[in-house]
Protein chains: 2
Amino acid sequence: MKMHNFSAGPAILPAEVIQQTAQSIANYNDSGLSLMEMSHRGPDIVGIMKNAVSLTKELLGLPDGYEVLFLTGGASTQFFMTAMNLLDANKKFALVDTGTWSSKAYKEITKFGPCDLVASSKDKNYSYIPKGYDIPSDTNYLHLTSNNTIYGTQMHEWPDTKVPYITDMSSEIFSRPIDISRHALIYAGAQKNMGPAGTTMVIVKKDILGQIERDIPTMLDYRTHIAKESSFNTPPVLPIYVCMLTLEWVKKMGGVAAMQKRNAEKAALLYGEIDRNSLFKGVANIEDRSHMNVTFVMHDEAHNDAFMKLATARNCSGLKGHRSIGGFRASTYNALDIASVQVLVDAMKDFENQNA
Amino acid sequence: MKMHNFSAGPAILPAEVIQQTAQSIANYNDSGLSLMEMSHRGPDIVGIMKNAVSLTKELLGLPDGYEVLFLTGGASTQFFMTAMNLLDANKKFALVDTGTWSSKAYKEITKFGPCDLVASSKDKNYSYIPKGYDIPSDTNYLHLTSNNTIYGTQMHEWPDTKVPYITDMSSEIFSRPIDISRHALIYAGAQKNMGPAGTTMVIVKKDILGQIERDIPTMLDYRTHIAKESSFNTPPVLPIYVCMLTLEWVKKMGGVAAMQKRNAEKAALLYGEIDRNSLFKGVANIEDRSHMNVTFVMHDEAHNDAFMKLATARNCSGLKGHRSIGGFRASTYNALDIASVQVLVDAMKDFENQNA
């Protein structure tokens, strides 16, 4: 049975990554050991960690001066860890509020220092990306959530400012090329576009660290993990291994530029049907529509259950919209094939024919 | 090829747990989805989390008032998280220094409040467990590392005090019954006796929380994770799933009392050979010898490489001692069968016959 997995996260992974992981768990590289039982100080696991870092640098074109870390605790830990490492009474963040996750980030950041809320789309339930706001001239870092999983919005244009970004890219990392020089720090939970739940990637410009006065717990200081190559203590080996396999797959498929094209094609197909179909409508502002999470509702909510039943019968899973939006959400991460989007689109067409 | 995995961690897991995990990664319960791709809010993963908690409560006989959490960040995160949640100017910890990990805990704890170092075995390279020390009467919690992976020592007798313990049981959790009422909080990285790297178990007596004045980041407040049943944000699903399978295996094997017996038998066999064999000697004080990590060296270090070669030829892996001790370390966690210990003992006997 082939499932079409539209889950928002933990989310779809490439089929070959799943098969290779299952094999490595049963018996890693014919060693007679499971990948789960191997020392993180041994050459196999050290090699996996280095390869994951090296693939990240290659795929994103990271210049010298940026470090790649695989930590734990999710993006929710980065909310305060960024502030703890970069913010004190002499530094200031600004933040663009684009949804639940940026609101949570704001709450945690302000426990450590000042943060200006420079714009918000809360007035329209976060259905758009704010534009045209001012950033105070004394701002050191601008916190962004570049893709908003719940609402289906994405920053297709990045804010025009010289202030370096701190960017939560959890639900879109490796989905498109970025100009890394504008980001001082990027973080991303693995479980949307990169791997299973259990590791968080941090990409950090090394020279931004060590600029504040604060006695940071060793495990929460980015410098600890840079110095120890993410192995100060035992890293989450298995989630990192799966990320490495996924990044190898991205590379084989043509890199992040090819992912961008692939994701744009899926988005065009699905948004095209949402706009064409008389029963459905999109949720997000058209120019801010995400290429990762497609949110849509029915004009008549009474149809919801029947459409979900049809989609489920066609092996589509993970389509239920977030409770704060309702309706449907189709996440179309890198690993999702356009054939799966076509199955969903066909279900929408057939449902219209049956019900319109 | 059957390997005899003596790795100190990440460490051996039951063969049936490994096979079941590989299967669930390829296709979870015939759902057509990998376990790695499934939402943590769906019934399958929620059920796994609840089962892992319920097995922990059952196996350790936890009374009402204790909560079981599956967090991330390893024991190294608990070093400061315990202090951050429990310590302020009006509270005081005491700590028994039994090795590298307790020393690291001390360093992190003292960033948040006072901690008396009441005893240490550093004078003899941590080869014994300190006894007969005084604990100041104003101590609120006594921090212990009950098994010391590097040095091969274990607290077979618990400190005789009314002060509640905060106990790092990373390398021995579920290896023996404990009197939980004496512990206010227990933490354990999964990757030694419970699962793969990537999750950390915390068992906490709920009423010790909320007693201090400190604005704790949401993710570092135990109360957050109690309220959200370890799913405030996306938990490390796969590592927790493997822990759940391992706990099911412990239960099937007879529970922690049966594990204690099994581990004592392995320890008796291996320490017996170390003491009998003219070429080897134990490192730890005899009455403090760990039933989890057996440290031993050769009287003549010139033999080290040759013995390692022989053991490796017999499919023993992970025997190299920690750099701060040298020689050999055989970790004999729950999942290790006594037949593997016999293979090692036979290699030691044969090596003696060839070289004595």
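The model shown is predicted, which means the values in this text are computed figures rather than measured ones.

Novice: Just give me the short version of the nonpolar core, but keep the residues and values in it.
Specialist: Residues Ile-109 and Met-201 of chain A together with Ala-52 and Met-201 of chain B are the most contacted members of the largest nonpolar core, which totals 168 residues. Look past the residues within four positions of Met-201 of chain B in its chain and what remains in contact with it is Val-68, Phe-70, Ile-173, Tyr-187, Ala-188, Ala-190 and Met-194 of chain B. Judged by nonpolar contacts, the second largest core, of 24 residues, contains Ile-150, Val-294, Phe-307 and Val-341 of chain A.

Novice: Tell me about the relation of the copies chain A and chain B, and name the residues and values.
Specialist: Both copies of the chain are placed relative to one another by a rotation about an axis and a shift along it. Placing chain A over chain B gives an RMSD of 0.0 Å and needs a rotation angle of 180°, together with 0.0 Å of translation along the axis. Look at the turn and shift together and you get a two-fold axis relating the two. It is Ala-22 of chain A whose C-alpha, among those of chain A, lies nearest the rotation axis, at 2.2 Å. When the interface residues of chain A are mapped onto chain B, 100% of them are again interface residues, pointing to one common binding face.

Novice: Tell me about the confidence of the model for chain A, residues and numbers included.
Specialist: Of all residues in chain A, 100% attain a pLDDT of 70 or more, and the chain-wide mean is 97. Among the scores for the predicted complex, ipTM is 0.97 and pTM is 0.98.

Novice: Could you give me a rundown of the pairing of strand S3 (residues 93-97) of chain A, with the residues and numbers involved?
Specialist: Residue and element names in this part refer to chain A. Within S3, 5 of the 5 residues are buried, which leaves it mostly tucked inside the rest of the structure. Going residue by residue along S3, you find Phe-93, Leu-95 and Asp-97 tucked away on one face and Ala-94 and Val-96 tucked away on the opposite face as well. In this structure, S3 lies alongside strand S4 (residues 115-120), joined through 5 bridges in parallel fashion. Of the residues in S4, the one forming a bridge with Ala-94 is Asp-116.

Novice: Break down the interface of chain A and chain B for me, with residues and values.
Specialist: Counting residues at the interface gives 51 residues for chain A and 51 residues for chain B. Element by element, the count of residues in the side of chain A that touches chain B is highest for helix H1 (residues 15-26) of chain A, at 6 residues.

Novice: Could you give an account of helix H7 (residues 255-276) of chain B, naming the residues involved and the relevant values?
Specialist: All names here are of chain B. Taking 1.5 Å per residue as the helical rise, H7 with its 22 residues ought to reach 32 Å, and the 32 Å between its terminal C-alpha atoms agrees with that figure. Among all positions of H7, only Val-256, Met-259, Arg-262, Asn-263, Lys-266, Leu-270, Glu-273 and Ile-274 are buried. What you see down the axis of H7 is that its buried residues fit within an arc of 120°, all on one side. Among the exposed residues of H7, those oriented more than 90 degrees off its buried face are Ala-257, Lys-261, Gly-272, Asp-275 and Arg-276. Buried residues in H7 make contact with helix H2 (43-60), helix H6 (237-252), strand S11 (280-282), strand S12 (293-298), strand S14 (328-331) and helix H9 (338-355).

Novice: Quick rundown of the environment of Tyr-66 of chain A? Include the residues and the values.
Specialist: Residue and element names in this part refer to chain A. Residue position: Tyr-66 is located in strand S2 (residues 66-71). Under the C-beta neighbour-count criterion, Tyr-66 is labelled buried, with 21 such atoms within 10 Å. In this structure the C-alpha to C-alpha distance between Tyr-66 and Asp-207, which are 141 residues apart in sequence, comes to 8.6 Å. Residues within four places of Tyr-66 in sequence aside, it is in contact with Ile-180, Ile-203, Val-204 and Lys-205.

Novice: Which residues make up the sheet that holds strand S8 (residues 165-168) of chain B, and what values do they have?
Specialist: The strands making up a sheet are joined through hydrogen bonds of the backbone, oriented either antiparallel or parallel. Residues and elements named next belong to chain B. Taken in spatial order, the 7 strands make up an open sheet running S2-S10-S9-S8-S5-S3-S4, and their pairing is mixed. Strands with a single pairing partner mark the edges of an open sheet, and in this sheet they are strand S2 (66-71) and strand S4 (115-120). With strand direction ignored, the average angle separating the axes of adjacent strands in the sheet is 15°. Examined bridge by bridge, strand S5 (residues 141-145) and S8 share 4 bridges and lie parallel to one another. Residue pairing for S8: Thr-145 is matched across the bridge by Asp-168.

Novice: An account of the sheet that holds strand S12 (residues 293-298) of chain A is requested, with residue identities and associated values reported.
Specialist: Residue and element names in this part refer to chain A. Strand order in the open sheet made by the 3 strands is S11-S12-S14, with antiparallel pairing throughout. Both edges of this open sheet fall to strand S11 (280-282) and strand S14 (328-331), since each of them pairs with a single strand only. With direction set aside, neighbouring strand axes in the sheet form an average angle of 35°. Sheet topology note: the S12/S14 ladder contains 4 bridges and is antiparallel. For Asn-293, the partnering residue across the bridge sits in S14 and is Ser-331. Contacts between helix H7 (residues 255-276) and the sheet are confined to S11, S12 and S14, with S11 contributing the most and set at about 125° to the helix.

Novice: For the packing of H1 of chain A against helix H1 (residues 15-26) of chain B, give the residues involved together with the corresponding values.
Specialist: Taken N-terminus to C-terminus, the directions of H1 of chain A and H1 of chain B make an angle of 180°; their axes are 8 Å apart at the nearest point. Put simply, H1 of chain A runs roughly antiparallel to H1 of chain B. Mapping the contact onto sequence places Ile-18, Gln-19, Thr-21, Ala-22, Ile-25 and Ala-26 of chain A in H1 of chain A and Ile-18, Gln-19, Thr-21, Ala-22, Ile-25 and Ala-26 of chain B in H1 of chain B.

Novice: With reference to specific residues and values, describe unusual backbone geometry.
Specialist: At the junction of Gly-9 of chain A and Pro-10 of chain A, the peptide bond is cis and its omega measures out at -10° in the coordinates. Tracing the sequence through the fold places Pro-10 of chain A in the loop between strand S1 (4-5) and H1. Of note, Glu-229 of chain B is a non-glycine position whose phi angle comes to about 50°, a positive value. Here Glu-229 of chain B is to be found in the loop between helix H5 (222-227) and H6. The backbone of Ser-230 of chain B shows a phi angle near 65°, a positive value even though the residue is not glycine. Checked against the element boundaries, Ser-230 of chain B lands in the loop between H5 and H6.

The rules behind the values
- Residues numbered from 1 in each chain as written.
- Chains lettered and ligands numbered in written order.
- Predicted model: local features only at pLDDT ≥ 70, side-chain atom pairs only at ≥ 80, totals over all residues.
- Core = buried A, V, L, I, M, F, W, Y, C linked by C-beta atoms within 7 Å.
- Buried ≥ 20, exposed ≤ 12 C-beta atoms within 10 Å, placed from the backbone.
- Contact = placed C-beta atoms within 7 Å.
- Least-squares fit on C-alpha atoms with pLDDT ≥ 70 in both.
- pLDDT = per-residue confidence, 0-100.
- Helix = DSSP H or I, 4+ residues; strand = E, 2+ residues; numbered from the N terminus.
- Pairing = 2+ DSSP bridges.
- Expected span 1.5 Å × (residues − 1).
- Arc of directions from axis to C-beta.
- Axes fitted to C-alpha atoms, helices over the stretch in contact; angles between N-to-C directions.
- Parallel < 35°, antiparallel > 145°, perpendicular 65-115°, else oblique.

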